[in-house]
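Fold and contact review
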Amino acid sequence: MDKITEKQLIDQLRTLKDIKPRQEWAVLLKSQILSESKPEEVFVQKVGNWEIGKFIESWKLVIENSFSRRLAYSFATLLFMIVGVFGFAQLTVPGDLLFPVKKLAEQSQASLIGQPKIKQDVATLNSRINDLAQVAKAGRTDSMPSAISEINANVKDLAKRLKDNPTQDAQTFKDIAISLKTLADVPGTDLSANPDVENLYQTVVQSQIADLEKTTLTDEQKIILEKVKGLYDNEKYADALEEILLISK
Amino acid sequence: MDSLNEQFGQIYDQYIAKIYRFVFLKVSSQEVAEDITSKVFLKGWEAFQSPKTEIKNPGAFLYQIARNAVVDHYREKGRAKVVSVDASPQIADPGTSAQDKAILNADIGVIKLAIQKLKKEHQDIIIWHYLDDMPINDIAQLVGKPAGTVRVMLHRGLKDLKDIIQES
């Protein structure tokens, strides 16, 4: 090659400025790199000569961080309190301050499971019978009226539902019968004379008699069924239900 | 967070072409240059986010990563730095005709090869000063040498480059 001057050489060097990266590659690389963040480490600005930006950004991060942390703590405390209240409410009986919370939890749970209404009513009745048994066992006479009142309300709802939808499966009636028997066995409480309870007894016994009449029975069971019918006619529904449960065994 | 992305985005836009060119002039192909440049900016972004690293001069920081990345590249691959003249560079100049581009490519190929035959320290200084228009004082800071020494190195580098081109 011919001799070249320094100026020509520098001019040739400057032609290398035409070397540029592919535009699409550069754009793609930028988006890929900037998507790789480490948020947990980002608290300090890096460029020393951007002091104002650094100051503002640092404060912004401190405030955001502190706010999020405070929010997280508040949320955790609230959650803890809610869980605590709901947990404690499970130990309550009618008349206690947190008893409505217990009822609310039961209703929510039943709705979440998607239980049929009649099953929900039976489950609630069983819970209230348990409450009454606890109250009776602990001798909490102050809570007794509330416990009985809760049972009355449940029994009334259940009787109404059965009246509205009399065609229930045999198992449901059997479950109600067992609940009523349990209720009758709670010491110190006799609710059989309660009109709502009596009404429920009547409905259940009537249904069970109809069911047993369609079933093939032994001679002994047939005798008991006749006895049940007699008790039913004499409006001794609780006694009739006792006999029905004997046949079912 | 957004602000940090934005800041690095600006640095990226400012240096992507310079770093790519710096790397491209030292390696054999566009693919290798893109690969190394990607690593340079990824490392730069990681350091930029880390609270342990303080970056006062983003340009100098990226060039330093690029220099090390090129050294690592040759060390890993065990390749000689001399490359084929056939490795023609990518030129982003859509306005140039095919014939002009071919001539330009030929010239660039020759000068690129000549640069690669220079000492590494001369390569860097020539690229920074004549292609990136970096002032002597900035280069002096970057290489950690007095400005006078950098001037002498630049002069010697140019002389060596001229000799290499004339010999070819």
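Because the structure is predicted, anything quoted here is derived from the model rather than measured.

Another aspect to go through is the overall build of chain A. Along the backbone of chain A there are 10 helices and zero strands. The order of helices and strands in chain A, counted from the N terminus, is α-α-α-α-α-α-α-α-α-α. The long-range share in chain A, meaning contacts at least 24 apart out of those at least 6 apart in sequence, stands at 60%.

Turning next to the overall build of chain B. If you tally the helices and strands in chain B, you get seven helices and zero strands. Helices and strands in chain B line up, N terminus first, as α-α-α-α-α-α-α. When the 168 residues of chain B are sorted by exposure, 33% land in the buried category. Considering only contacts within chain B whose residues lie at least 6 apart along the sequence, 60% involve residues at least 24 apart.

Now for unusual backbone geometry. The phi dihedral of Glu235 of chain A falls on the positive side, at around 60°, and the residue is not glycine. Topologically, Glu235 of chain A is positioned in the loop between α9 (219-233) and α10 (237-248). One non-glycine residue, Asp133 of chain B, lies in positive phi territory at about 55°.

Residues and elements named next belong to chain A. Remark: helix α5 (residues 117-138) packs on helix α7 (residues 170-185), axes separated minimally by 10 Å, with the N-to-C direction vectors making an angle of 15°. When the interaxial angle is binned, α5 and α7 end up roughly parallel. For the pair α5 and α7, the crossing hand works out as left-handed. In this structure, α5 contributes Ile118, Val122, Leu125, Asn126 and Ile129 to the contact, and α7 contributes Thr172, Asp175, Ile176, Ser179, Thr182 and Leu183.

Counting residues in hydrophobic clusters, the biggest one holds 46 residues, and the most contacted among them are Ile19, Val23 and Ala66 of chain B. A per-element tally of this core places helix α1 (residues 2-24) of chain B first, with 11 residues. When we break this core down by domain, the ones giving at least three residues each are domain 1 (1-82) and domain 2 (106-168) of chain B. Those residues within four positions of Ala66 of chain B in sequence are excluded, and the remaining contacts are Ile19, Phe22, Val23 and Val40 of chain B. By size, the runner-up hydrophobic cluster in this structure holds 30 residues, among which are Leu158, Ala159, Tyr201 and Ala238 of chain A.

All names here are of chain A. Between its first and last C-alpha, helix α6 (residues 144-164) extends 30 Å over 21 residues, near the 30 Å set by a 1.5 Å rise per residue. The set of residues buried in α6 consists of Ala147, Glu150, Ile151, Asn154, Val155, Leu158, Ala159 and Leu162. Angularly, the buried residues of α6 cover 165° about the axis, an arc narrow enough to put them on a single face. For α6, the exposed residues lying more than 90 degrees away from the buried face are Pro145, Lys163 and Asp164. Against α5, α7 and α8 (195-213) lie the buried residues of α6.

This paragraph deals with the environment of Ile178 of chain A. On the secondary structure map, Ile178 of chain A appears in helix α7. Residue classification places Ile178 of chain A among the partly exposed positions, given that 15 C-beta atoms sit within 10 Å.

Looking now at the packing of α8 of chain A against α10 of chain A. Residue and element names in this part refer to chain A. At a minimum axis separation of 9 Å, α8 and α10 run at an interaxial angle of 35°. Here α8 runs over α10; the crossing is left-handed. Contacts between α8 and α10 involve Glu198, Tyr201, Gln202, Val204, Val205, Gln208 and Leu212 from the first element and Tyr237, Ala238, Ala240, Leu241, Ile244 and Ile247 from the second.

All names here are of chain B. On average, residues of chain B score 82 in pLDDT, and 82% of them are at 70 or above. Mean pLDDT values over the elements of chain B span from 68, in helix α4 (residues 98-116), up to 92, in helix α2 (residues 30-49). Segment residues 80-97 is flagged for pLDDT under 50; beyond a separation of four residues in sequence, or across chains, it makes 32 contacts in the model. Across the assembled chains, the prediction reports ipTM 0.77 with pTM 0.45.

All names here are of chain B. Note that Thr149 resides in helix α7 (residues 147-167). According to the C-beta neighbour criterion, Thr149 is exposed, with 12 such atoms within 10 Å. Measuring from C-alpha to C-alpha, the distance between Thr149 and Ile136 comes to 9.8 Å, with 13 residues separating the pair along the chain.

Here we come to α2 of chain B. Under the 1.5 Å per step criterion, the end-to-end length of α2 of chain B is 28 Å for 20 residues, consistent within 8% with the ideal 28 Å. Of the residues making up α2 of chain B, those classed as buried are Ala33, Glu34, Ile36, Thr37, Val40, Phe41, Gly44, Trp45, Phe48 and Gln49 of chain B.

Confidence along chain A averages 79 in pLDDT terms, with 85% of residues attaining 70 or more. In this model, residues 39-46 of chain A is a region of pLDDT below 50 whose contacts with residues beyond four sequence positions or in other chains number 20 contacts.

What counts, and at which threshold
- Residues numbered from 1 in each chain as written.
- Chains lettered and ligands numbered in written order.
- Predicted model: local features only at pLDDT ≥ 70, side-chain atom pairs only at ≥ 80, totals over all residues.
- Helix = DSSP H or I, 4+ residues; strand = E, 2+ residues; numbered from the N terminus.
- Contact = placed C-beta atoms within 7 Å.
- Buried ≥ 20, exposed ≤ 12 C-beta atoms within 10 Å, placed from the backbone.
- Axes fitted to C-alpha atoms, helices over the stretch in contact; angles between N-to-C directions.
- Parallel < 35°, antiparallel > 145°, perpendicular 65-115°, else oblique.
- Left-handed = near helix turned anticlockwise from the far one by under 90°.
- Core = buried A, V, L, I, M, F, W, Y, C linked by C-beta atoms within 7 Å.
- Domains from an automatic or database assignment.
- Expected span 1.5 Å × (residues − 1).
- Arc of directions from axis to C-beta.
- pLDDT = per-residue confidence, 0-100.

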